[in-house]
Each structure stands twice: as C-alpha cells, then as structure tokens.
Amino acid sequence: MQLNDTQKMVVQFNKMAREKFEDKVKEFCILDVYDDANNRAFSVEFVAYDYFPIRLNYDKGRFGCCITYGEKMIALNNSQQWWDEVEFDVFLKN
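Predicted model only: the values in this text are computed from it and were never measured.

K.L.:
It is not clear to me how helix H1 (residues 5-21) should be interpreted in this structure. Could you clarify?
P.N.:
An α-helical turn contains 3.6 residues, so any two residues separated by three or four positions project in the same direction. Helix length check: H1, at 17 residues, gives a terminal C-alpha distance of 24 Å against a target of 24 Å (1.5 Å per residue), a fit within 8%. Within H1 the residues assigned to the buried category are Thr-6, Met-9, Val-10, Phe-13, Asn-14, Met-16, Ala-17 and Phe-21. Taken down its axis, H1 places every buried residue within 165° of arc, on the same side. Within H1, the exposed residues directed more than 90 degrees away from the buried face are Lys-15 and Glu-19. Where the residues of H1 are buried, they touch strand S1 (25-35), strand S2 (40-48), strand S3 (52-59) and helix H2 (88-93). One or two steps after H1, the chain reaches Glu-22, where phi turns positive at roughly 50°.

Right under this line is the structure:
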C-alpha cells in the first residue's frame with residue numbers, strides 16, 4: 001500500500017516524536033486523516049510521561065497540541081504553528 005502525502009506527514013511526525021522522546025511517549029494513534037485538494041488534516045494522539053494524553057491536530061498547514069481529558073482540552077502554547085515553517089527540534093522541546 002502506498003501512502004498519500006498526508007499519511008507521510010503523520011508517519012514523519014510519529015517517527016520524530018518517538019526518536020526525540022524515546023520511552024517518554026507511547027500509545028500513538030493516528031486519527032481523522034483527510035487528504036484531498038481542498039482539505040489536508042489529521043490528528044495524532046499519544047501518551048507522554050505515562051500520564052498526559054496529548055493530541056496534535058493539523059489542518060490546512062496550521063498545527064498545535066493540547067492535553068486531552070475527555071471533552072476537556074488544555075492548549076499547549078508553542079512558537080511553531082505552521083507546518084511548512086516548523087523547526088521540529090524547537091517544537092518538540094517546547
């Protein structure tokens with residue numbers, strides 16, 4: 001099976017996060033992947049430090065993370081907000 005461009009982005013993010021955080025992150029789950037001419041979006045959920053459920057959302061070039069607890073979400077501030085301009089070392093450090 002060949003991956004589309006959006007799926008490749010998701011795999012790239014998962015690989016970087018796993019390499020950077022090693023055993024500090026686990027349980028990656030890829031959700032809601034959309035790849036068409038007018039809408040590219042995806043979400044990735046994972047657990048950080050065996051405690052924090054984190055969700056990364058990407059939609060039309062913009063992305064961000066939040067801590068999730070059921071219906072509640074706490075946004076995590078970050079200076080890196082645009083996928084095409086991101087410095088992933090800075091993003092993952094924040």
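Having seen the structure, we can now continue with the description.
K.L.:
Sorry, what's going on with the sheet that holds S2 here?
P.N.:
By definition, the strands of a sheet pair up through backbone hydrogen bonds, in either a parallel or an antiparallel sense. The five strands lie next to each other as S1-S2-S3-S4-S5, forming an open sheet whose pairing is antiparallel. With partners counted over all chains shown, the strands left at the sheet margins are S1 and strand S5 (72-76), one partner each. The sheet shows a mean angle of 25° between the axes of neighbouring strands, taken without regard to direction. Pairing geometry for S3 and strand S4 (residues 62-69), over six bridges, is antiparallel. Each bridged residue has a counterpart across the sheet, and for Ile-54 the counterpart in S4 is Ile-67. Strands S1, S2 and S3 of the sheet are contacted by H1, whose axis makes an angle of about 165° with S1.

Conventions used here
- Residues numbered from 1 in each chain as written.
- Predicted model: local features only at pLDDT ≥ 70, side-chain atom pairs only at ≥ 80, totals over all residues.
- Heavy atoms only, no water.
- Helix = DSSP H or I, 4+ residues; strand = E, 2+ residues; numbered from the N terminus.
- Expected span 1.5 Å × (residues − 1).
- Buried < 20%, exposed > 50% of the residue type's maximum accessible area, 1.4 Å probe, protein only.
- Arc of directions from axis to C-beta.
- Contact = heavy atoms within 4.5 Å.
- Pairing = 2+ DSSP bridges.
- Axes fitted to C-alpha atoms, helices over the stretch in contact; angles between N-to-C directions.

The values reported here are purely geometric and, on their own, carry no functional implication.
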